[in-house]
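Each chain, letter by letter, is given below.
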Amino acid sequence: MSNRDWVLAPLAPLNLRPADEVMRLERLGSLHACRLSFVRSLMRQMGRQRWQISRVRFDLDENGYGTAVYRLQTPYGRYHGVMFAQALDDERRSDRVIADAWDVTFGLVEGDVDDSLLEQMAANVPLQEAGRQHPRVLVLSRANKSLRNFAHFVEALGNGQQPDPQWLTRVGYLYRTTAVYGNGKFGLADFARLHENPDFRRPFSVQMAGVYLLRHFSIEQVEHLARSQSPETACGLAIELRRYLGIGNSTGLGMAPFLINHPQLIAQWVTQRETALALAQRQAPSEEERARLIALTKRAQQHLAETVTEDAEQRERNVATVAALPDVLSWLESVPLEENLWAQLVAWSERTLSLEAQELINTLLIELYPEQVDPLEEQMGVNENLDLEPDMPLMRLRQLIETHYGWALSHDYTSDEGAYWFWYRSAEKEEPRLGVRDEEPGAEKEVPIAMGPRVAHSHAAICEFLEDTPRAKVVDFLLAKPRHKEIIRRVQTLVKATYGDIHANLWHREMKPMHLLRTKLAFFGASRFDPKSDRWVRITLFQGAPLVEELNAEPEDLSHFDDWSFPLQPQLEKGCVAPAGLSPQGDQYPQGERSPLQQSSFQQQRTAKGGVSL
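In this text the structure is predicted, and so the values were computed from the model without any measurement.

1. A look at the overall build of the protein
Next up, step 1: When helices and strands are tallied, the protein shows 25 helices and 13 strands.
Next up, step 2: The C-alpha atoms of the protein give a radius of gyration of 26 Å, which matches the 25 Å a tight globule of 614 residues would have.
Next up, step 3: Its C-alpha atoms give the protein principal-axis dimensions of about 90 × 65 × 45 Å.
Next up, step 4: Taking all 614 residues of the protein together, 56% fall into the buried category.

2. Notes on a negative patch on the surface
Next up, step 1: Among the surface-exposed residues, Asp416, Asp438, Glu439 and Glu440 lie close enough to one another that they form a single negatively charged patch.
Next up, step 2: Positionally, Glu439 belongs in the loop between strand 9 (432-436) and helix 19 (451-468).

3. Describing the nonpolar core
Note on soluble globular proteins: their nonpolar side chains tend to be buried together.
Next up, step 1: Formed by 128 residues in total, the largest nonpolar core has its most connected members in Phe217, Leu506 and Phe542.
Next up, step 2: Top contributing element to this core by residue count: helix 8 (residues 205-229), with 12 residues.
Next up, step 3: Sequence-distant contacts of Leu506, that is, excluding residues within four places in its chain, are made with Leu25, Ile260, Trp421, Trp423, Ile449, Ala450, Met511 and Leu516.
Next up, step 4: Leu36, Ala300, Leu332 and Val335 belong to the second largest nonpolar core, which has 36 residues in total.

4. Quick notes on the environment of Val270
Next up, step 1: With respect to the element layout, Val270 can be found in helix 11 (residues 263-281).
Next up, step 2: Measuring from C-alpha to C-alpha, the distance between Val270 and Phe422 comes to 27 Å, with 152 residues separating the pair along the chain.

5. Remarks on the sheet that holds strand 10 (residues 527-531)
Next up, step 1: Strands sit in the order 1-2-3-4-5-6-7-11-10 across an open sheet of nine strands; the sheet is mixed. Two strands bound the open sheet, and with one partner strand each, they are strand 1 (52-60) and strand 10. The sheet shows a mean angle of 25° between the axes of neighbouring strands, direction not considered.
Next up, step 2: Sheet topology note: the strand 10/strand 11 (residues 537-541) ladder contains three bridges and is antiparallel. Following the sheet pairing, Ser527 is matched in strand 11 by Thr540.
Next up, step 3: Across the face of the sheet, helix 22 (residues 513-524) comes into contact with strand 7 (246-251), strand 10 and strand 11 while running at roughly 10° to strand 11.

6. Focus: the packing of helix 13 (residues 312-334) against helix 15 (residues 355-367)
Next up, step 1: Following both chains from N to C, one finds helix 13 and helix 15 inclined at 55°, their axes separated by 8 Å at the closest point. Considered as vectors, helix 13 and helix 15 are oriented oblique to each other. Read as a crossing pair, helix 13 and helix 15 show a hand that is right-handed. Only Glu356, Ala357, Leu360 and Ile361 of helix 15 make contact with helix 13, whose side of the interface consists of Gln314, Arg317, Asn318, Thr321, Leu325 and Val328.
Next up, step 2: When grouped by side-chain class, the residues that make up the contact of helix 13 with helix 15 number five nonpolar, three polar and two charged.

7. Considerations on the pattern of salt bridges
Next up, step 1: What the rule picks out here adds up to 42 salt bridges.
Next up, step 2: Note that Glu21 and Arg27 form a salt bridge whose closest N and O atoms lie 3.9 Å from each other.
Next up, step 3: Residue class for Arg27 comes out buried when judged on its relative accessible area of 5%.
Next up, step 4: Among the salt bridges present, the one from Glu554 reaches Arg50, with a minimum N-O distance of 3.8 Å. With a gap of 504 residues between them, Glu554 in the loop between helix 23 (548-552) and helix 24 (558-561) and Arg50 in the loop between helix 4 (38-48) and strand 1 connect regions that are remote in the sequence.

8. Some remarks on the side chain of Ser205
Next up, step 1: Along the chain, Ser205 turns up in helix 8.
Next up, step 2: Residue class for Ser205 comes out buried when judged on its relative accessible area of 4%.
Next up, step 3: Of the polar contacts made by the side chain of Ser205, one reaches the backbone oxygen of Arg202; its length is 3.0 Å.
Next up, step 4: Not counting the four nearest positions on each side in its chain, Ser205 is found in contact with Leu42, Asp199 and Phe200.

9. Section: the confidence of the model for the protein
Fine structural detail should not be taken from predicted coordinates in areas where pLDDT scores are low.
Next up, step 1: Confidence along the protein averages 90 in pLDDT terms, with 92% of residues attaining 70 or more.
Next up, step 2: Taken as a whole, residues 582-614 scores under 50 in pLDDT and shows 41 contacts with residues more than four places along the chain or in a different chain.

10. Notes on unusual backbone geometry
Next up, step 1: A positive phi angle, near 55°, is found at Gln128, a position not held by glycine.
Next up, step 2: Residue position: Gln128 is located in the loop between helix 5 (115-124) and strand 5 (137-145).
Next up, step 3: A relative accessible area of 0% means that Gln128 is categorised as buried.

11. Looking at the packing of helix 17 (residues 394-404) against helix 19
Pairs of packed helices are described in terms of their axes, by the angle between the two and the distance that separates them.
Next up, step 1: Helix 19 packs onto helix 17 with a crossing angle of 145° between their chain directions and a minimal axis gap of 10 Å. In this structure, helix 17 crosses over helix 19, and the sense of that crossing is left-handed. Residues Leu394, Met395, Leu397, Arg398, Ile401 and Glu402 of helix 17 lie in contact with helix 19, whose contacting residues are Val455, His459, Ile462, Cys463, Phe465 and Leu466.

12. Remarks on the side chain of His303
Next up, step 1: Along the chain, the position of His303 falls in helix 12 (residues 287-306).
Next up, step 2: In contact with His303, not counting residues within four places along its chain, are Ser527, Arg528, Phe566, Pro567 and Leu568.

13. Some thoughts on the packing of aromatic side chains
Think of a pair of aromatic rings as described by two things: how far the centres are apart, and how the planes are tilted against each other in angle.
Next up, step 1: Within this structure, the stated rule accounts for 21 aromatic pairs.
Next up, step 2: Ring geometry for Phe422 versus Tyr424: centroids 5.5 Å apart, planes at 35°, classification tilted.
Next up, step 3: With a relative accessible area of 22%, Tyr424 lands in the partly exposed category.
Next up, step 4: The rings of Phe38, Phe204, Phe258, Trp269, Phe523 and Phe524 are connected pair by pair, giving a single aromatic cluster.
Next up, step 5: The ring centre of Phe58 lies 4.4 Å from the NZ or CZ of Arg55, which sits over that ring.
Next up, step 6: Arg437 extends its terminal NZ or CZ atom over the ring of Trp507, reaching a point 4.4 Å from the ring centre.

14. Section: helix 4
Next up, step 1: Summarising burial for helix 4: 10 of the 11 residues are buried, a large majority.
Next up, step 2: Arg50, located one to two residues past helix 4, shows a positive phi value of around 60°.

15. A look at helix 6 (residues 147-158)
Next up, step 1: With 12 residues, helix 6 should cover 16 Å at 1.5 Å per step; its first-to-last C-alpha distance of 16 Å lies within 8% of that length.
Next up, step 2: Listed as buried for helix 6 are Asn149, Phe150, His152, Phe153, Val154, Ala156, Leu157 and Gly158.
Next up, step 3: Looking at the packing, one finds that the buried side of helix 6 touches strand 5, helix 7 (165-170), strand 6 (173-181) and helix 8.
Next up, step 4: Count one or two residues on from helix 6 and you reach Gly160, which has phi positive near 75°.

Thresholds, definitions, all that
Residues numbered from 1 in each chain as written. Predicted model: local features only at pLDDT ≥ 70, side-chain atom pairs only at ≥ 80, totals over all residues. Heavy atoms only, no water. Helix = DSSP H or I, 4+ residues; strand = E, 2+ residues; numbered from the N terminus. Rg over C-alpha atoms; globule rule 2.2 N^0.38 Å. Buried < 20%, exposed > 50% of the residue type's maximum accessible area, 1.4 Å probe, protein only. Patch = residues over 30% accessible without salt bridge, like charges linked within 9 Å, V, L, I, M, F, W, Y side chains within 5 Å. Areas by Shrake-Rupley, 256 points an atom, 1.4 Å probe, with all protein chains shown as cover. Salt bridge = Lys/Arg side-chain N within 4 Å of Asp/Glu carboxyl O. Lys, Arg positive; Asp, Glu negative; His and termini not counted. Charge placed at Lys NZ, Arg CZ, Asp CG, Glu CD. Core = buried A, V, L, I, M, F, W, Y, C linked by side-chain atoms within 4.5 Å. Contact = heavy atoms within 4.5 Å. Pairing = 2+ DSSP bridges. Axes fitted to C-alpha atoms, helices over the stretch in contact; angles between N-to-C directions. Parallel < 35°, antiparallel > 145°, perpendicular 65-115°, else oblique. Left-handed = near helix turned anticlockwise from the far one by under 90°. Nonpolar A, V, L, I, M, F, W, Y, C, P; charged D, E, K, R; others polar. Polar contact = N/O pair within 3.5 Å; in protein donor to acceptor, adjacent residues only side chain to side chain. pLDDT = per-residue confidence, 0-100. Phe/Tyr/Trp six-rings, centres within 6.5 Å; stacked < 30°, edge-to-face > 60°. Lys NZ or Arg CZ within 6 Å of the ring centre and 35° of its normal. Expected span 1.5 Å × (residues − 1).

Next comes the structure, spelled out in C-alpha cells:
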C-alpha cells in the first residue's frame, strides 16, 4: 500500500472479517476477554467519572456473619450494595442454581437504603428467587465461599502472615457467585429503568458493579475475621494480593439460550469487537507500540502458563498457546516495522497459529489503541426487534437464505451424527440440558435452540412453495404455512446483522457446548476459564482489577488504571508480597521508582496504616 493509501485509510470503510469466519462456534469458543469486555469498560467508566465507594455499615459478628452496606456514588446517582452474610452448613453449600441457601446474598439498590428498606431486604434477599424483591433493587445475587482459600487466608492473616499467592492462582477468588440476576427478574427493577441511566445503560454493567462490590466485601470480611480471631497478631491483606483477588462464577448451559434468543445483541457485541480489530490493523505502528505488544504478549504468556485447569482439553489449549507465543515474539522482533505490520501479523497468525492463539493476538492488538477502540464501548447495546417484511418476494427470501445461511443448509439433520443432541429444559432443575436423541427421554419437549435445522426446514418449504407460485411474496407463503413466521422474521432481520447467528449445528455430536459458554463469558471479561465438564465452567471476574482504594484516589492516568488484563501471580519472598514483575509500562520508570498505579497503592496502604477507614 502506498503512503497516499495509508493516509486515506482512516477514511475508507472498515473491512470486517466475514460472518462465516467469525461466527464459527470453534472460533467463538476461543475468544479472550478484551478491553471492550464489560468488566474493563465498567472500571474505565468508574475511574473516568470519579465514582466513589464508601462503607456505611459493617455489622459483622466475630464469625463474619451479619450485614454490610456500601455506598456507590457517581456523578449522576447514588446506589448501595447490601450484603447479608450468614452461617451455612456444608451439606447445603451448592453451586447449582437450585440451591436455597448461600454464604452471602446481596443486592444493588438504586438510591438510599433506610431502615425500612433494609428490613425488607433482610427478609427477602437471602431467599433469592423465592423472595419478594423491592423494585429499587437493580441486581440480586448470591455467592459461596471457596472454603479452602477462605480458611487459609484467615489463618495466615490471623498469624500476621500473608497468604501464599499460589492459593489464588489455583482458584482466583474467595467467593464464587452462582447467578447474578437483573433486568426485572423476580420483581427487580426492569431493564427499561436503566435505558436512560447514564451509569448503567451498557449491557450487564450494573451486574458487574454488584460483583465488584462483592469483591471488596470479600477482602474486608476476611480481614475482619482474622482480626476477630487473632486481634493481637492479625495483619491486613497485602495490596498486591488484594488486587490479585477476583470473584469466581460457576456457569452452566443456562447461557446458551441467551446467545440464541438475543441475536441482535450478540451481533452488536461481535461487530464492535471486529471493528476494534479492523481499526487496530489499519494503524501504522511505532517502535513504542511494537514494544508494548511484545510486553503484552509476554504477560499473556505468563498468565496462561500460570492458569490452572483440571480439564485436559483446555489445559492442552493453554499449553499450545503458550508454546506458540515464542514464535510470535520472534516474529515481532524480527519483521521490519512497516506501516501494515499489524495486518501482516494477523495474516501470519491465521496461517500458523491455533484459533485460540489467533484470538489472543487479536485481543492484544485491540489493547494497543484505546483512543480508537474505547469509544466503541458506547455501542455495545441495541434495541432488539425482529422485523417481518411481508412484501418481500419469496424468491428474494430464498436467495437471502442461500447467501447468508449456507452454513445452515450444509448440514445433514437426519443423520445420527447430525441430529445427535436435543436441547430441553429440566422441569426438576429448571436448567437447560442436553439429551441424546433416541436414547434419552424428553425429545418431544425439545427447546428450539438450534437455528440451523429450523432455517433448513423453512428453506425446503419455501423452495417447494415456489415451484407452484414463483411470484409469491412472503405474506402468501406465511398465510399458507404460518409456522415458519418466526424463523423468517429472524432471517429477514439478521441478514442485516450478520454476526447474529452462530454458524454451527447445535444438534451435532461434535458440537461443544463449552464454546457457547465461553463466547458470552469473554464479553463479560472472564479470565481463568476452567471447564469442570463439557456442561459447566468456573471463571474469575475482576482478578487484577484496581481496588476500591485506587478508585477512590481518583486516578488521573487511566492508561495505568486500566492496565490489568492477564494478571500475574504476585511473589511471596521472606514473608513479603512483591509484584509479579514490571508491567509493560513499567519499563518507563527508573529502577526504584513506582509507576502511578504503584504509587497510588502505596499511598493507600499508608493511609490504611494511619487508621482512616473507607
